[in-house]
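Listed here are the chains, written in short residue letters.
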Amino acid sequence: MNIQKLDALLAVALTEVSDADKRAFPVFINTLHAPKPEEATILKALGVPGVTAERQIFTATLSAHAVADLSELPWIQSLKLSRKLHLL
């Protein structure tokens, strides 16, 4: 796993996971460029919805294994844990 591509909250959350295969992490996936066909196939296989050739930011709920796999890909720029916003 490439920790440098993970934000701090996601890195901490991954250390507390009990089931690495459970889709428990809502994340933002930032790519360096719009995904090429083979890269789009990888994203779709991991369950990332709405993968198109025009987008560079995606959201998905991933497992710890999927986060680790994505972090190792050279065309993935960063992975950030999504948080619920609360009204003040």
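The structure under discussion appears in the preceding block.
Here's what I pulled together on the structure shown here. This structure is a prediction, so every number in the text was calculated from the model and none was measured. (Residues numbered from 1 in each chain as written. Predicted model: local features only at pLDDT ≥ 70, side-chain atom pairs only at ≥ 80, totals over all residues. Heavy atoms only, no water.)

## So, the sheet that holds strand 3 (residues 76-81)
Note the threshold: Whether two strands pair depends on DSSP finding at least two bridges between them. A helix here means a DSSP run of H or I that spans at least four residues, while a strand means a run of E at least two residues long, and both kinds are numbered starting from the N terminus. All axes here are fitted lines through C-alpha atoms, helices being fitted over the stretch that makes contact, and every angle between N-to-C directions spans 0 to 180 degrees.
The sheet built from 3 strands is open, its strands ordered 2-1-3 with antiparallel pairing. Edge positions in the sheet fall to strand 2 (57-62) and strand 3, since each has one partner strand and no second. The sheet shows a mean angle of 25° between the axes of neighbouring strands, taken without regard to direction. Here strand 1 (residues 25-31) pairs with strand 3 via 5 bridges, running antiparallel. Looking at the pairing, Phe28 lines up with Lys80 of strand 3.

## A word on helix 3 (residues 64-71)
Threshold: Buried means the residue's accessible area, taken with a 1.4 Å probe over protein chains only, is under 20% of the maximum for its type, while exposed means over 50%, and partly exposed covers the values in between. Contacts are residue-level and defined by heavy atoms, with any inter-residue pair within 4.5 Å sufficient.
Burial analysis of helix 3 places 6 of its 8 residues in the buried class, which makes it a mostly covered element. Taken together, the buried positions of helix 3 are Ala64, Ala66, Val67, Ala68, Leu70 and Ser71. Residues of helix 3 that are buried sit in contact with helix 1 (8-15), strand 1, helix 2 (37-45), strand 2 and strand 3.

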